[in-house]
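If you want the building blocks of each chain, they are given just below.
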Amino acid sequence: MPDSTSDSTSDSMPHSTSDSTSDRLRVRKTYKLYIAGAFPRSESGRSYPVRSATGELLAHAAQASRKDLRDAVLAARKAFASWSSTTAYNRGQVLYRVAEMLDGRRDQFVGEVSDAEGVSTKAAATQVDHAIDRWVYYAGWADKYAQVAGGTNPVAGPYFNFSLPEPTGVVGVLAPQDSSLLGLVSVLAPVVTTGNTAVVVTSEDRPLPAASLAEVLATSDLPGGVVNLLTGVTAELSPWLAGHRDVNAIDLTGVPNADRKALQIAAADNVKRVYAPGPVDWSADPGTSRLSAFVETKTVWHPIGV
Amino acid sequence: MADKLFEYAPAPESRDIARLRPSYQIFVNGGFRDGSGEAIKTINPADEEPLAEVAEAGPSDVDDAVTAARGAFRPWSALPGRERGKYLFRIARAIQERGRELAVLESLDNGKPIREARDVDIPLAAAHFFYYAGWADKLGYAGFGPSPRPIGVAGQIIPWNFPLLMAAWKIAPALACGNTVVLKPAETTPLTALVLAEIIAEAGLPPGVVNILAGGPAIGQAIVEHGDIDKIAFTGSTEVGKIIRRTLAGTSTRLSLELGGKAANIVFDDAPLDQAVEGIVNGIFFNQGQVCCAGSRLLVQESVADELVAALQRRLATLRVGDPLDKNTDVGAINSAAQLARIRELTEAGVQEGATRWSPPCELPERGYWFVPTVFTGVSQAHRIAREEIFGPVLSVLTFRTPDEAVEKANNTPYGLSAGIWTDKGSRILSMASRLRAGVVWANTFNRFDPASPFGGFKESGFGREGGRHGLEAYLDA
């Protein structure tokens, strides 16, 4: 467990958290969890220091516990009925609203991504722009995916038969470790686009853009509980997420290959759908594979007659 | 049965039509041979008499079959789709040509009524090959990218309840997509799959494209653990499905699972009750209830429960249980002694836990594995007969008052394979259909199957779909 007691504030803080040059002292943010639409600290009281790519202390992030994770699953389950039955048009509107909110805070995220990943402001800006555009991309999919993935089936009998994709349920997402914002958005947005709710364990070492994204989500008309974001130690939380009986699917993107086997074994207990992709280029066209990974095909039959 | 109006003269189908041979061999790399495993006798469950001897596969046969399938993969997948399709069309036609023979053989080996084997299993198996044959040269239009590739060698393990049909569900889409296969039929029902091997050989498929291994769970396990198989497709119990999932953890082997079910068949007070009764009977007594998507939990709206149960009991009194080869038989034999024991154990538990058991007066044959159609009323959600898959002709009746309560009870199961809705109200059908967490929803009908219609479960009923355009995805590297 990281040492949470150190308080070695550096003299040269990175730009997103540095004190301003004016004589006014900045009001720093406490980075917390996002569960059921609220921003609690970890119930365990734990936090861990988050450092920039160059080793400077950025903040102490909440270190989520097993109990926090279970609370998050509970919130996601509770939110599922209403989010999954929200019209696809409305879900698209909400996702587009997320893009609007993110765009409005573009500069903040450029700073946070730059600090977290140690990339230039220009490179960070490109990533933030991609992240904003990704919400727009999936916002557009919300009311089109069922048309592409579903349809009527010409059965050999007097029946009307159609298939349509339905959300799998509560999806556990182990977010990518490297790409703190674009990677996170790329794995999260497709999950909620089709009506699933999500419990996300963010990048362990780069959690701050995720914690700030929670503020964007909270102000985007996304109902509380649809997305729950947990900062903390991935290897500590992932077994509980993979083994949780009320989680229907799990995305192992942020888990190294060596750790995936144990999680897949745990996931078998309730026949979870497991999505375990290889390395991903986050700036590439995302396609539809992350949409189709977390939907179930439902087929309905009805007789035709008079 | 007291009512002489329903006495029928026996109308048995001739057993000779099955062209039963004393022994059957496994099919590896285009040739038939005795497996290196044990030689077992496959039993007619209707009279417990041996039908034929089958030389089961051993682990070395699994190796040989996988090697053959691996060797055949490159040329098979490189064939133009239209050529692969023509092989599948040939298989479809040959199943149709030998349909009567296959139906009788299926009835003998499985115990199912000839009426069902003849009208459901065999025609649907042929139709499945016919359907996927047409996809082979159109895969680029299926929505999985412009030039989707096959996965490689598929290991396929199928159950005993629809032996030939399940083989068709597995083999047809795999071959259409350009994969090669190693298929293992269930230990108690290998015969029609081995005749299918004959059909495949006669259709001229290149050696190794299809390999069929008879054997028990150990051979299934050997296939799953083999290591040079790219995809496993399994239909069977949820328990075994979970074991397979764990076995394949950490590997790149793809997996699709079609597992158990405990479907709710929901009858509202405005439903046409006579039609609903027919649907309930078809839902739970089709194939002796040995169907993963069987409507084993009847949820009746309280106001019509008494009336419906009375009508159901009247109808069950007319069901004809007995000789599977008799064309008038409605309910045949249970597939095996082991399955019969499982049904007995769960029904005993139903009585012990306080549900009320009812069966129509019914004479069962002296020999064979038989279970009389059974209805439990006064069932609570906590009872084992409401929670566990019985896989037999046993219906559990529960009641509800409101649509919300029906949804709550229907979804209160780890399974999610199928569901039924009976009501005259269209808006209620659509609302219920969207709220039920199940892969197939039958509204004012039940147990309908079609090659064009995707089939598969939510939750612990498995993942992946079989049938339709969706069924291609399990065999494409998409």
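Nothing here was measured: the structure is a model prediction, and the numbers come from that model.

Conventions adopted
Residues numbered from 1 in each chain as written. Chains lettered and ligands numbered in written order. Predicted model: local features only at pLDDT ≥ 70, side-chain atom pairs only at ≥ 80, totals over all residues. Heavy atoms only, no water. Domains from an automatic or database assignment. Contact = heavy atoms within 4.5 Å. Buried area = accessible area lost by both parts, 1.4 Å probe. Salt bridge = Lys/Arg side-chain N within 4 Å of Asp/Glu carboxyl O. Polar contact = N/O pair within 3.5 Å; in protein donor to acceptor, adjacent residues only side chain to side chain. Helix = DSSP H or I, 4+ residues; strand = E, 2+ residues; numbered from the N terminus. Nonpolar A, V, L, I, M, F, W, Y, C, P; charged D, E, K, R; others polar. Buried < 20%, exposed > 50% of the residue type's maximum accessible area, 1.4 Å probe, protein only. Core = buried A, V, L, I, M, F, W, Y, C linked by side-chain atoms within 4.5 Å. Pairing = 2+ DSSP bridges. Right-handed = clockwise from strand over helix to strand, strands pointing away. Arc of directions from axis to C-beta. Axes fitted to C-alpha atoms, helices over the stretch in contact; angles between N-to-C directions.

Caption draft 1: Here's a closer look at the domain arrangement of chain B. Residue and element names in this part refer to chain B. Under the domain assignment, chain B is made up of domain 1 (15-259 + 458-477) and domain 2 (264-443). With 33 residues of domain 1 in contact, the opposing surface of domain 2 contributes 34 residues. Note on domain 1 versus domain 2: buried area summed over both sides is about 2,800 Å², and carbon and sulfur give 54% of it. When residues of domain 1 are sorted by the area they lose upon contact with domain 2, Trp160, Phe458 and Lys459 head the list and together hold 21% of the total. Remark: the boundary between domain 1 and domain 2 carries 2 salt bridges. One salt bridge connects Asp330 with Arg115, and the closest N-O pair in it is separated by 2.9 Å. Remark: the boundary between domain 1 and domain 2 carries 18 residue pairs in polar contact (both at pLDDT 80 or more).

Caption draft 2: Examining the interface of chain A and chain B more closely. If you look at the interface, chain A gives 35 residues, while chain B gives 38 residues. Summed over both sides, the interface between chain A and chain B buries roughly 2,800 Å², with carbon and sulfur atoms accounting for 53% of that surface. If you sort the residues of chain A by the area they bury against chain B, A:Val271, A:Lys298 and A:Trp301 come out on top, with a joint share of 23%. At the surface where chain A touches chain B, the tally comes to 3 salt bridges. Of the charged contacts, one joins B:Arg246 and A:Asp269 as a salt bridge, the two residues approaching to 2.8 Å between their closest N and O atoms. Run the count over chain A and chain B and you get 24 residue pairs in polar contact (both at pLDDT 80 or more). Secondary structure elements with two or more residues in the side of chain A that touches chain B: helix H5 (145-149), strand E4 (159-167), helix H9 (257-267), strand E9 (273-275) and strand E10 (295-303) of chain A. Of the residues belonging to the side of chain A that touches chain B, the class tally is 15 nonpolar, 12 polar and 8 charged.

Caption draft 3: Layout of unusual backbone geometry. Residues and elements named next belong to chain B. Phi at Arg19 is positive, roughly 45 degrees, even though this residue is not glycine. Looking at the secondary structure, you find Arg19 in the segment before strand E1 (23-24). The backbone phi angle of Gln288 is positive, close to 60 degrees, even though this residue is not glycine. Looking at the element boundaries, Gln288 is found in the loop between helix H9 (273-285) and strand E13 (297-301). Gln288 gets classed as buried once you look at its relative accessible area, which sits at 0%.

Caption draft 4: Looking closely at the nonpolar core. In this structure, B:Ile91, B:Ile95, B:Phe129, B:Ile171 and B:Val267 are the most contacted members of the largest nonpolar core, which totals 141 residues. Residue assignment places this core across two domains, with domain 1 (15-259 + 458-477) and domain 2 (264-443) of chain B each supplying three or more. Look past the residues within four positions of B:Phe129 in its chain and what remains in contact with it is B:Leu88, B:Ile91, B:Ala92, B:Ile95, B:Ala168, B:Ile171, B:Ala172 and B:Leu196. Counting 51 residues, the second largest nonpolar core, distinct from the first, contains A:Trp83, A:Ala125, A:Val173 and A:Ala198.

Caption draft 5: Inspection of the pairing of strand E6 (residues 197-201) of chain A at higher detail. Residue and element names in this part refer to chain A. Counting buried residues in E6 gives 5 out of 5 residues, a clear majority hidden from the surface. Of the two faces of E6, both are covered, the one formed by Thr197, Val199 and Val201 as well as the one formed by Ala198 and Val200. In terms of strand pairing, strand E5 (residues 170-174) meets E6 through 5 bridges, oriented parallel. Paired with Gly172 across the two strands is Val199, which belongs to E6. A crossover links E5 with its parallel partner E6, the connecting element being helix H6 (residues 182-193), and its sense is right-handed. Bridge count for E6 against strand E7 (residues 227-230) is 4 bridges, and the pairing is parallel. When the bridges of E7 are listed, Val199 appears paired with Asn228.

Caption draft 6: Helix H8 (residues 234-243) of chain A, seen in detail. Residue and element names in this part refer to chain A. Looking at H8, one finds that the buried residues are Thr234, Leu237, Ser238, Leu241 and Ala242. Buried residues in H8, looked at end-on, bunch into an arc of 130 degrees, giving them a common side. Those residues of H8 that are buried lie in contact with helix H1 (66-85), E5, E6, strand E8 (249-251) and H9.

Caption draft 7: Just the sheet that holds strand E18 (residues 440-443) of chain B, in detail. One open sheet holds the 10 strands; their spatial order is E3(A)-E4(A)-E10(A)-E18(B)-E17(B)-E12(B)-E13(B)-E16(B)-E15(B)-E14(B), and the pairing between them is mixed. Only two strands of the sheet have a single neighbouring strand rather than two, namely strand E3 (151-152) of chain A together with strand E14 (356-358) of chain B. Together, strand E12 (264-267), E13, strand E15 (374-377), strand E16 (394-400) and strand E17 (418-422) of chain B form the strand contacts of H9(B), whose direction differs from that of E12(B) by roughly 175 degrees.

Caption draft 8: Inspection of the sheet that holds strand E4 (residues 39-44) of chain B at higher detail. Residues and elements named next belong to chain B. Taken together, the 3 strands give an open sheet; going across it, the order is E1-E5-E4, and neighbouring strands pair in mixed fashion. The open sheet has two edge strands with one neighbour each: E1 and E4. Inspection of the sheet shows E1 paired to strand E5 (residues 49-55) by 2 bridges, in the parallel sense. If you follow Tyr24 over to E5, its bridge partner there is Val54. Each of E1, E4 and E5 touches helix H3 (residues 99-110); the most contacted strand, E4, lies at about 100 degrees to it.

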